[in-house]
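Here are the chains, one letter per residue:
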Amino acid sequence: MAVETGENPWPGMFDTIADQYDQSGVAWFKPIAGGLVELLDPRPGERFLELGPGRGALTVPLAEAVGPDGGLDALDMAPSMVRLLREDLDRRGVTNVSVGVGDASDPRPPGSAYDGVAASLVLFFLPDPVAGLVAWHRLVRPGGRAGIATFQPWVGRFAELLGMVEEYAGPAERGGSPFDTDAGVEDLFRQAGFADVRTVLRTFPISFRDLDQWHTWSQATALRRVWTDTDPAQHPEILERARAILDGARDADGRIVLDIGIRYTLALR
């Protein structure tokens, strides 16, 4: 996820976890990104800008969709993410992607007048989402499209896990958030000058082999605060609390399955 500048801690945090980011074997970022690609409908020969590519969950399917005659510029604020993504793309033989360090709040990509701009699980990290969207709007050609993925409100076992995190690590600093509602996110786009704004809601089952895999996965997600902002002496207790929550989410084969609600917001310039 590309993130913001100044004293904001997110760039450093993502730089720190880049090695383990999306490497737990859990199908988490890829299904979410796949839904965004489907809805944006990138076509062969088009040029896209991606903000906050992380380790490439959205990058790879976007690059495949636009094909060798198209192109993708991807910008991330975390230098380690950029380095590792370049290495990952080289190993895959992906040649139509340019990856660089850049700020999603004020992107300065190598191109302009893109057919589309895309960001998966990024916009809520920006200190001023509207200002960021205004900058994105300038980079899209007239008639071009923009699409993002954000989270629907947490429910079920995910909400219980978040409650556990806040119990041990304290509440996250949020304030009133436009990301609490579909209308709130749509309004951000309209304020930035986008038109034909719409929302698509989808739910994805996220599957974990066992508690150990969930534990590994959680350390590179928003739940990581329960491990980084607490006394390590509490971690065995926290893990047992998590086990009690997750045991209630096991399927017939014993796997842990959590449903995650994703909101896709789509618009035109």
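Attention here is on the structure that accompanies the text. Everything numeric in this text was worked out from a predicted model, so none of it was measured. In this convention, every chain numbers its residues from 1, walking through the sequence in written order. This being a predicted model, a pLDDT of at least 70 is required before a residue's local features are given, and a value of 80 or more before pairs of side-chain atoms are given or counted; all residues contribute to the totals for chains, interfaces and linings. Think of the side-chain values as coming from all heavy atoms in the structure, minus any hydrogens and water.

Quick word on the nonpolar core
Right, on to step 1. If you look at the biggest cluster of nonpolar residues, it comprises 65 residues, and the most contacted ones within it are W28, M164, W214, I262 and Y264.
Right, on to step 2. A helix here means a DSSP run of H or I that spans at least four residues, while a strand means a run of E at least two residues long, and both kinds are numbered starting from the N terminus. Element by element, the count of residues in this core is highest for helix 2 (residues 29-40), at seven residues.
Right, on to step 3. The contact criterion used is simple: two residues touch if any of their non-hydrogen atoms lie within 4.5 Å. Every residue in contact with M164, bar those within four places of it in the chain, is listed here: W214, V226, I238, R241, A242 and I245.
Right, on to step 4. Grouping buried Ala, Val, Leu, Ile, Met, Phe, Trp, Tyr and Cys residues that are joined through side-chain atoms within 4.5 Å yields what is termed a nonpolar core. Throughout, exposure labels follow a simple rule: accessible area from a 1.4 Å probe, protein chains only, divided by the maximum for the residue type, with under 20% read as buried, over 50% as exposed, and the rest as partly exposed. Counting 26 residues, the second largest nonpolar core, distinct from the first, contains L49, V140, L188 and F189.

Some details on the side chain of E50
Right, on to step 1. Within the secondary structure, E50 is located in strand 1 (residues 47-51).
Right, on to step 2. Think of it this way: Lys and Arg go in the positive column, Asp and Glu in the negative one, and His and the chain ends go nowhere. By convention in these notes, a salt bridge is any Lys or Arg side-chain nitrogen within 4 Å of a carboxyl oxygen on Asp or Glu. Within the buried set, E50 has no salt-bridge partner at all; the shortest N-O distance to an opposite charge, 11 Å, is to K30.
Right, on to step 3. Apart from residues lying up to four places away in sequence, E50 is in contact with L58, T59, L62, L72, D73, A74, L75 and A118.

Quick word on the packing of aromatic side chains
Right, on to step 1. Two rings from Phe, Tyr or Trp (for Trp, the six-membered ring) form a pair when their centres sit within 6.5 Å of each other. Planes less than 30 degrees apart are called stacked, planes more than 60 degrees apart edge-to-face, and all others tilted. Inspection of the entire model under this criterion finds 16 aromatic pairs.
Right, on to step 2. Their ring planes at 20 degrees and their centres at 5.8 Å tell us that F124 and F151 sit as a pair that is stacked. Placement of F124 in the loop between strand 4 (114-120) and helix 5 (129-138) and of F151 in strand 5 (residues 140-151) is noted, with a sequence separation of 27 residues between them.
Right, on to step 3. An aromatic cluster of three or more residues is present, and its members are F14, Y21, W28, F29, F124, F125, F151, W154, F158, F179, F208 and W217.

Focus on the pairing of strand 1
Right, on to step 1. Counting buried residues along strand 1, four of its five residues qualify, which places the element largely inside the surrounding structure.
Right, on to step 2. Two strands qualify as a pair provided DSSP detects at least 2 bridges between them. Across five bridges, strand 1 lies against strand 2 (residues 71-76) in parallel orientation. Following the sheet pairing, F48 is matched in strand 2 by L72.
Right, on to step 3. The path from the first strand over the helix to the second decides the hand: if it runs clockwise while the strands point away from the viewer, the crossover is right-handed. A crossover links strand 1 with its parallel partner strand 2, the connecting element being helix 3 (residues 59-66), and its sense is right-handed.
Right, on to step 4. By the bridge criterion, three bridges tie strand 1 to strand 4 in an arrangement that is parallel.

Thoughts on the layout of surface pockets
Right, on to step 1. Lining residues are those with an atom within 4 Å of a point, where the points come from a 1 Å grid over the protein atoms alone and group into cavities, where a 1.4 Å probe fits but cannot get out, or pockets, open sets with protein on both sides within 12 Å along at least five of seven lines. Grid points are joined across faces, edges and corners, and a volume is the space filled by probe spheres set on the points. The calculated volume of the second largest pocket comes to roughly 210 Å³.
Right, on to step 2. Elements with a contribution of two residues or more to the lining of the second largest pocket: helix 3 and helix 4 (79-92).
Right, on to step 3. Looking at the lining of the second largest pocket, the element that brings in the most residues is helix 4, giving four residues.
Right, on to step 4. Residues are grouped as follows: Ala, Val, Leu, Ile, Met, Phe, Trp, Tyr, Cys and Pro are nonpolar; Asp, Glu, Lys and Arg are charged; all remaining types, including Gly, are polar. Each residue belonging to the lining of the second largest pocket can be placed in one class, and the counts come to four nonpolar, two polar and six charged.

A closer look at the pattern of salt bridges
Right, on to step 1. Considering all chains together, one arrives at 18 salt bridges under this definition.
Right, on to step 2. A salt bridge links D88 to R55, with the nearest nitrogen and oxygen atoms 3.0 Å apart. On the criterion of sequence distance, the pair formed by D88 in helix 4 and R55 in the loop between strand 1 and helix 3 is long-range, its members being 33 residues apart.
Right, on to step 3. In this structure, D106 and R108 form a salt bridge, with 2.7 Å as the shortest nitrogen-oxygen distance.
Right, on to step 4. Residue classification places D106 among the partly exposed positions, given a relative accessible area of 31%.
Right, on to step 5. A network of salt bridges, in which partner residues are shared, links D41, R43, E46 and R145.

With respect to unusual backbone geometry
Right, on to step 1. Of note, D22 is a non-glycine position whose phi angle comes to about 60 degrees, a positive value.
Right, on to step 2. A positive phi angle, near 50 degrees, is found at D196, a position not held by glycine.
Right, on to step 3. Locating D196 in the fold gives a position in strand 6 (residues 195-208).

Keep in mind these numbers describe shape, not what the thing actually does.
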